[in-house]
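Listed below, chain by chain, are the residues.
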Amino acid sequence: MQNNLSLSGNLDKIFYKKLKKFVVFFNRYKWKSVAGLAEAYKPKEVEAGKREKLQETGRCVQTKRETPTFRMLLPPPNITGNLHLGHALMATIQDVICRHKKQLGYDVEWIPGTDHAGIATQVVVEKKLCKDYSLTRQDIGREKFLREIWKWKDDKVNNIREDLKKLGCILSWNREYFTMDKTQAYAVNEAFIRLFEQGLISRQESLVNWSCALESAISDIEVELLDLKGPTQVPVPGYDKNITFGRMFNIKYKILDNGTEDYITVSTTRPETMLGDVAVAVHPFDKRYAKYRESDGVCLMHPIRRQLIPLIFDVDVDPHFGTGAVKITPAHDRDDFRIAKKHELNPIQVFSSKGFIVEDHKEFALKPRFVVREEILQKLGEQNLLGAISDHSMQLPMCSRSKDVLEYMIKEQWFLQCQQLGLNALSEVQSGRLQIIPSKYEVEWQRWLEDCHDWCISRQLWWGHQIPAYKARCNSENAKEVWVAAHDEQEALMKALELLKSIDISITRDQDVLDTWFSSALLPLSVSGWPNKEIKGHYPLDLIETGHDILFFWVARMVMLGLVFTGQTPFKKILLNGIVCDAHGRKMSKSLGNIITPQQVVDGASLQDLQKEIEVSHKAGILNDLETQKSLIGVHRMFPSGIPECGTDALRFTLCSHNIKNHFINFDVTECYTNKKFLNKIWQAARFIAAAAESLEISAKVFEDFNESLLSKWDLWILSRLAHTLQQCRESFENFNLHFATAGFKQFFYNELCDVYLETTKNNIKLKSLDGYVQCSILCICLRSALQDMQPFTPFICEELLKYIPQPITLDVCKFYNSTLEAEIEAILEVCEQIRQLKSRSQISRKHEPYLRVYAHSLKALSILQPHLSEIKALTLTNTVELRLLQNNAQIHKDLTCYSTAGYMCSFGIVTNKLYAEEKEKAIPQTNVNNHKLSKLEKELERYSTRWEDEGFRKSASSRVQQKHFQKIQQLKSEIEKIKTMI
């Protein structure tokens, strides 16, 4: 092919005929002028005005029956605040999946919504009320307080909706829900009623997690374990000073045995609970207490209550904990509750709902629990019953919402029996009907569900779904009481009349509300229209994607309830992502000051802006004084220069660049800003290609009867790399390894399209040669194809750039994959890389007019290198390239400024002008360069040789791998020999 002919000159007749057949003019394709593309990528300008269009893209429409469907539910963000990076990760992953499904022709239904978040929302609104008006919810009453929360809800839902739209999410907004709207409320009540009437929900007394500050039961997920390495001052709500935890107290319990002065010393970290002791327990095989096994019914005197309690033997006692003897307080400890049940010991309540000592313990009645601790210790000391006090590492359970020290309390609550439901959910995974990705979480699934304890579903709150249960009481002499479940009072009355067989009945609705997770567990059903509509076509979902930390609390419960009401799992696959941490792998928290929001990353924020937002949260009552102080210190340490503007696309690309299946995902703002620069690289490539297409009038032409023989090896190579990248992208979606797709796009755009192929085309495009036309068309194909496949990840920039890039040819890119050709071009690129490195070390630039001489080590190498000289020239930024067969090593040194080897195929030297000689003192000496390279090559040879000699490698590696390994060893030996000769 001729390389240097211009269309403006007198063309050779044969060339003109070929070109005329190749290019056919018509005006069907309308592309924007390149003048519309800004000089640099500016995210705000690119994203402006596109979000409204995205909303229409996500709108759910009626489609033909044969169109495949894909349904998914966005895990509803809590209305406690705006979106955080964890939400952004989930929303981005799901949006990328939905966009990909749309590209494949699916009708996508992705349902958005928000969660009322009972405890969390009530706490944050109470804080705001206290901060703004110095009032509590009790001061204003339930009705007014709920009105305040509904106002809060409206504000926060709008913010969350806007945040999701700013992220570019193509949600089906016409299906949006709130977990306490009328449709949801009816479904929740109906579910409770059905479960109650099936006998799966019942009211019973049992041990629950209790927050004294909230005066409510709380979920396991709302319990944080505070790791203490020893004595630690912990702030507790309701106390003027911090309370010390992390100490072990030894307390003597006197044995009553014929008047002897014998004691058993008990170890405890919570002496204030000893008022509820019902026994002292030791391990049956603990030799220290073996003598008491022979005694019949050993009793001890309780040091405070002065009552007898038994000594019991139980295998659940840890003999290595303290003295090996522990007090059993079933009313306030899970393990003790279980042991007491085995030994038929009745619990004794110590604390009230507010954390005060109950009136039964008259000496300490109505006093705060941690004040009583000190009084008990003082009294024990006075009686010489307090032994050693030692430092102790422990985990202190805390309420994550109120920051109160958790208590375990025996309370009458509503419970859902989960044992059989859990086994049913477990069976779905074990049978393969339900898939968990990654599969490592199947172990966690089994651990939770094979012995699933009853679920406490009631909460003593004002905000939430009021439990649809009514206590009906017969007003006659027998005063019989029953509980009924109903949608309203009239229905409840009818059910009570039937049960009590009396017309003189009074009914009262339970004031408690349901656990937030109960309504969340019904979402796949309730958003599908259950129980009022036919849910076929909307249920089950195809996929649920969420964080692995709520696998049991949400996902498993959705499966359990879905099976109960439909016999079907609510989704076919479960995809779990990791927890977002900061760049140092620390969880994001107020105390570290490392919490950043998606919008801060998208828009950028100065240090002053970040500090201002913390102050706003403090004024709103969301952060207390200590949290505010820590946050301000932390944010100054993490972001002394603020957060640079990155844009939505860079944020999305960065989030997907991590392996989402990892347990933790470390988010680094610096990495996000680097990805913004990557997108700018694509932007600049698009500007060049669009300008080239406009200059060559490609925008108004298509290629007819396209002949692949017109393509050079480099054209075929870039198409092969494109085919590989697109295949890698497809596979990444199939396996949910999105980071493989983002890595593939970076490799293709950075290292192959922009830094290599595009550079080789510039001269031909400038000359408007036939090669230039072909190469410009290939550039258009590559950019359009890659942008289309990258669009799910970076929708804004891709949509913008695709408007400017014509599509002159439609090619089946997949068929161009050619591993043999890729290996050949890779060898040439390695030669170019070695030349560029030496130029850089020697500080040779264009002004030195570098003249490159390449010395092929063999005739075969000469034939491989010969066709690529123009590309070598373009990629090494040299003025001229001369190729010779190496006859004698001495010829390399003649007139050369610098020289070295460029792999096993060739050596090379560079000649420069006189200007370089004047500046030569700055460059690294030639001998040093080659000595360093020799050392590096010898280490690499040693590494390959060691592996080659390994018997395990020879047995396990395939013959193809071994052959490549041996070939690499020979190549290294050849290059080492050449460079030694040079030195």
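Residues numbered from 1 in each chain as written. Predicted model: local features only at pLDDT ≥ 70, side-chain atom pairs only at ≥ 80, totals over all residues. Heavy atoms only, no water.

The chain has the name valine--tRNA ligase in an unreviewed UniProt entry, where Glossina fuscipes is given as its organism. According to its UniProt record, the chain has this under Catalytic activity (unreviewed entry): "tRNA(Val) + L-valine + ATP = L-valyl-tRNA(Val) + AMP + diphosphate". Database annotation for the chain, UniProt heading Sequence similarities (unreviewed entry): "Belongs to the class-I aminoacyl-tRNA synthetase family." (UniProt positions renumbered as here; feature names shortened; annotations may be inferred.)

Visitor: Describe the sheet that holds strand E32 (residues 851-856), listing the residues and the values that go with them.
Guide: Within a beta sheet, neighbouring strands are joined by backbone hydrogen bonds and run either parallel or antiparallel to one another. Judged by pairing direction, the sheet is mixed, and its 4 strands sit side by side in the order E33-E32-E35-E34 without closing on themselves. Two strands close off the open sheet at either side, each with one partner strand: strand E33 (880-885) and strand E34 (898-901). On average, adjacent strands in this sheet sit at an angle of 20 degrees to one another, irrespective of strand direction. Examined bridge by bridge, E34 and strand E35 (residues 906-911) share 4 bridges and lie antiparallel to one another. (Pairing = 2+ DSSP bridges. Helix = DSSP H or I, 4+ residues; strand = E, 2+ residues; numbered from the N terminus. Axes fitted to C-alpha atoms, helices over the stretch in contact; angles between N-to-C directions.)

Visitor: Any chance you could break down the packing of aromatic side chains for me, citing the residues and the numbers?
Guide: For the coordinates displayed, the defined rule picks out 23 aromatic pairs. With centroids separated by 5.2 Å and ring planes inclined at 50 degrees, the aromatic side chains of phenylalanine 678 and tyrosine 750 adopt a geometry described as tilted. Here tyrosine 750 lies in helix H23 (residues 738-767) and phenylalanine 678 lies in helix H21 (residues 669-695), a separation of 72 residues in the sequence. Here phenylalanine 678 falls in the buried class, since its relative accessible area comes to 0%. We classify tyrosine 750 as partly exposed; its relative accessible area is 23%. The interplanar angle of 40 degrees and the centroid separation of 5.6 Å between the aromatic rings of phenylalanine 733 and phenylalanine 793 together place this pair among those described as tilted. A residue pair is termed long-range when its members are at least 10 positions apart, and phenylalanine 733 in helix H22 (residues 713-735) and phenylalanine 793 in the loop between helix H24 (770-790) and helix H25 (795-802) qualify at 60 residues. Overall, the relative accessible area of 7% leaves phenylalanine 733 in the buried class. Members of the aromatic cluster, connected to one another through ring pairs, are Phe653, Phe678, Phe748, Phe749 and Tyr750. The ring of tryptophan 210 carries lysine 411 above its face, with NZ or CZ at 4.6 Å from the centroid. (Phe/Tyr/Trp six-rings, centres within 6.5 Å; stacked < 30°, edge-to-face > 60°. Buried < 20%, exposed > 50% of the residue type's maximum accessible area, 1.4 Å probe, protein only. Lys NZ or Arg CZ within 6 Å of the ring centre and 35° of its normal.)

Visitor: Describe the pattern of salt bridges, and please don't skip the residues or the numbers.
Guide: Per the stated rule, a full pass over the model turns up 45 salt bridges. Of the charged contacts, one joins arginine 147 and glutamate 143 as a salt bridge, the two residues approaching to 3.4 Å between their closest N and O atoms. One end of the pair, arginine 147, and the other, glutamate 143, are both in helix H7 (residues 142-166), 4 residues apart, so they sit about a helical turn from each other. For arginine 147, a relative accessible area of 45% corresponds to the partly exposed category. Among the residues examined, glutamate 143 registers a relative accessible area of 61% and is labelled exposed. Note that aspartate 510 is salt-bridged to arginine 203, the shortest N-O span being 3.4 Å. Of this pair, aspartate 510 sits in the loop between strand E25 (505-509) and strand E26 (513-514) while arginine 203 sits in strand E6 (residues 201-211), placing them 307 residues apart in sequence. (Salt bridge = Lys/Arg side-chain N within 4 Å of Asp/Glu carboxyl O.)

Visitor: Quick rundown of the side chain of serine 400? Include the residues and the values.
Guide: Note that serine 400 resides in the loop between strand E18 (394-399) and strand E19 (407-416). Serine 400 has contacts with Glu222 and Glu224, leaving out every residue within four places of it along the chain. (Contact = heavy atoms within 4.5 Å.)

Visitor: With reference to specific residues and values, describe the packing of H21 against H25.
Guide: Pairs of packed helices are described in terms of their axes, by the angle between the two and the distance that separates them. As a packed pair, H21 and H25 sit with axes 11 Å apart at the nearest point and diverge in direction by 5 degrees. The orientation of H21 relative to H25 falls into the category roughly parallel. Seen from H21, the contacting residues are Leu679, Ile682, Trp683 and Ala686; seen from H25, they are Ile797, Glu800 and Leu801. Residues belonging to the contact of H21 with H25 are distributed by class as follows: 6 nonpolar, no polar and 1 charged. (Parallel < 35°, antiparallel > 145°, perpendicular 65-115°, else oblique. Nonpolar A, V, L, I, M, F, W, Y, C, P; charged D, E, K, R; others polar.)

Visitor: Describe in detail helix H13 (residues 489-500), supporting the description with residues and values.
Guide: Each turn of an α-helix holds 3.6 residues, which means side chains three or four residues apart point in the same direction. Compared with an ideal rise of 1.5 Å per residue, which puts 12 residues at 16 Å, H13 spans 16 Å between its outermost C-alpha atoms and is within 8% of the ideal. Regarding H13, the residues found buried are Ala492, Ala496 and Leu500. Angular distribution of buried residues about the axis of H13 spans 50 degrees; they occupy a single face of the element. In H13, those exposed residues whose orientation departs by more than 90 degrees from the buried face are Gln490 and Glu498. Looking at the buried side of H13, the elements it contacts are strand E23 (469-474), strand E24 (481-485) and E25. Two or three places before glutamine 490, at the opening of H13, aspartate 488 has a side-chain oxygen 3.3 Å from that residue's backbone nitrogen. One or two positions beyond H13, positive phi appears at lysine 501, with a value near 55 degrees. (Expected span 1.5 Å × (residues − 1). Arc of directions from axis to C-beta. Polar contact = N/O pair within 3.5 Å; in protein donor to acceptor, adjacent residues only side chain to side chain.)

Visitor: Describe the environment of isoleucine 844, naming the residues involved and giving the relevant values.
Guide: Structurally, isoleucine 844 can be placed in the loop between helix H26 (819-841) and E32. For isoleucine 844, the residues in contact, after removing those within four places along its chain, are Lys839, Pro850, Cys898, Ile910, Thr912 and Tyr916.

Visitor: I'd like a rundown of the side chain of histidine 100, residues and numbers included.
Guide: Along the chain, histidine 100 turns up in helix H4 (residues 85-103). Among all residues touching histidine 100, those that are not within four sequence positions of it are Phe733 and Pro792.

Visitor: Can you tell me about the sheet that holds E25, naming the residues and giving the values?
Guide: An order of E24-E23-E25 is seen for the 3 strands of this open sheet, with the pairing classed as antiparallel. Two strands lie at the open edges of the sheet, namely E24 and E25, each paired on one side alone. Averaged over all pairs of adjacent strands, the angle between their axes in this sheet comes to 25 degrees, without regard to strand direction. With 5 bridges joining them, E23 and E25 adopt antiparallel strand pairing. Residue pairing across strands places tyrosine 470 opposite arginine 509, the latter belonging to E25. Packing against the sheet, helix H8 (residues 182-197) makes contact with E23 and E24, and its axis sits at approximately 130 degrees to E24.

Visitor: If you had to explain the layout of surface pockets to someone new, which residues and values would you point to?
Guide: Size it by volume and the second largest pocket reaches roughly 1,500 Å³. Around the second largest pocket sit 41 residues that line it, and Ala827, Glu830, Tyr904, Lys968 and Gln971 are the ones nearest its centre. Ranked by residue count, the leading element in the lining of the second largest pocket is H26, at 14 residues. Broken down by class, the residue content of the lining of the second largest pocket amounts to 14 nonpolar, 13 polar and 14 charged. (1 Å grid on protein atoms, 1.4 Å probe; cavity = no way out; pocket = protein on both sides within 12 Å on 5 of 7 lines; lining within 4 Å. Points joined across faces, edges and corners; volume = space filled by probe spheres on them.)

Visitor: An account of unusual backbone geometry is needed here, citing residue identities and associated values.
Guide: Going from isoleucine 437 to proline 438, the amide bond is cis rather than trans, its omega being 0 degrees. Going from tryptophan 530 to proline 531, the amide bond is cis rather than trans, its omega being 5 degrees. With respect to the helices and strands, the residue proline 531 is situated in the loop between helix H15 (523-526) and strand E27 (541-547). In this model, lysine 501 sits at a positive phi of 55 degrees, which is unusual for a non-glycine residue. Tracing the backbone shows lysine 501 in the loop between H13 and E25. With a relative accessible area of 69%, lysine 501 lands in the exposed category.

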